[in-house]
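Spelled out from the first residue to the last, the chains are:
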Amino acid sequence: MEKELDLELLKKGMLFRNMTDEEILQTVAAMCPRRVRYPRRTVVAQDGDLFPEIGIILSGSLHLAHIDSNGNLLYVLQAGDTVGEVNAVGRYRLHLSIATEEPTEILYLCVEHLLRKNVLTAPTQIRFLQNLTLAVAQKGQYLTRKLEDSIRRSMRERLQDYLSAQYHKAGSRTFVISLNRQDLADFLFVDRSTLSNELCKMRDEGLLRFDRSRFELLVEMPITENEPDPNDE
């Protein structure tokens, strides 16, 4: 490849967990790697497309959305996250659209070579395929929980969880979120005007201040504890 991979970034994800630098490089080389750089706000793939490779975000971010009359932003992926595991493994077409929110570089890996051809020594191949199985399971678990949240929990609870998570991520009660108002509404599966009304209510109740994407939490908001992932070490 034209430049060295950030192995520490790759090790943060599930795909290369418990693998040595040499094993990672060997595995990547066996999957016909290619790196693609996308400009800001570029459509990477659309609903209905085949997505035969797993993508690892090397820099930038991706928005994954099911495009309908309500938008419905499913989630945002950052550097180190992976995209397309289920589609690449199962040969399924996409049921969402993928777009960059900023200049983004993705490393694409063709898992077909490992799934259906013996191109690595057995221990390395088995370790990677074990990690791939867990990565697919994690993605399925995330989507299941997001669906449950959209059905069972109130909008304020979901909004509080999101803002509280951003507070913990930033380490400050004042922070800037990466989503605009429409994206946030889509992410929470609510109407934009309903979201705006709820934010105004929370402001009037003295819970927060906001100006566009900048928020200040005036009280510590409750956050729903995530179920521990048994695969995290």
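Conventions and cut-offs
- Residues numbered from 1 in each chain as written.
- Predicted model: local features only at pLDDT ≥ 70, side-chain atom pairs only at ≥ 80, totals over all residues.
- Heavy atoms only, no water.
- Pairing = 2+ DSSP bridges.
- Helix = DSSP H or I, 4+ residues; strand = E, 2+ residues; numbered from the N terminus.
- Axes fitted to C-alpha atoms, helices over the stretch in contact; angles between N-to-C directions.
- Parallel < 35°, antiparallel > 145°, perpendicular 65-115°, else oblique.
- Contact = heavy atoms within 4.5 Å.
- Nonpolar A, V, L, I, M, F, W, Y, C, P; charged D, E, K, R; others polar.
- Core = buried A, V, L, I, M, F, W, Y, C linked by side-chain atoms within 4.5 Å.
- Buried < 20%, exposed > 50% of the residue type's maximum accessible area, 1.4 Å probe, protein only.

Asker: Describe the sheet that holds strand β1 (residues 34-38), listing the residues and the values that go with them.
Answerer: Strand pairing in a sheet relies on backbone hydrogen bonds. The paired strands run either parallel or antiparallel. Pairing within the open sheet is antiparallel, and its four strands lie in the order β1-β8-β3-β6. Unpaired on one side and paired on the other, β1 and β6 (82-83) mark the two borders of the sheet. Where strand β3 (residues 54-59) meets strand β8 (residues 104-109), five bridges bridge the pair, whose relative direction is antiparallel. In the strand pairing of β8, Ser59 is matched with Glu105.

Asker: With reference to specific residues and values, describe the packing of helix α6 (residues 155-170) against helix α8 (residues 192-204).
Answerer: When two helices pack together, their arrangement is captured by the angle between the axes and the distance separating the axes. It is the contact of α6 with α8, at a shortest axis distance of 11 Å, that shows an interaxial angle of 70 degrees. Relative to α8, the element α6 lies roughly perpendicular. Between α6 and α8, the contacting residues are Met155, Arg156, Leu159 and Gln160 on the first element and Thr194, Leu195, Glu198, Leu199, Lys201 and Met202 on the second. Here the contact of α6 with α8 is built from residues that sort into five nonpolar, two polar and three charged.

Asker: Break down the nonpolar core for me, with residues and values.
Answerer: Counting 41 residues, the largest nonpolar core has Leu62, Ile98 and Leu163 as its most contacted members. Ignoring any residue separated from it by four or fewer positions in sequence, one finds Leu163 in contact with Phe175, Leu208, Phe215, Leu217 and Met221. Core analysis: the next-biggest nonpolar cluster, separate from the first, contains 23 residues, Leu10, Ile24, Ala30 and Leu132 among them.

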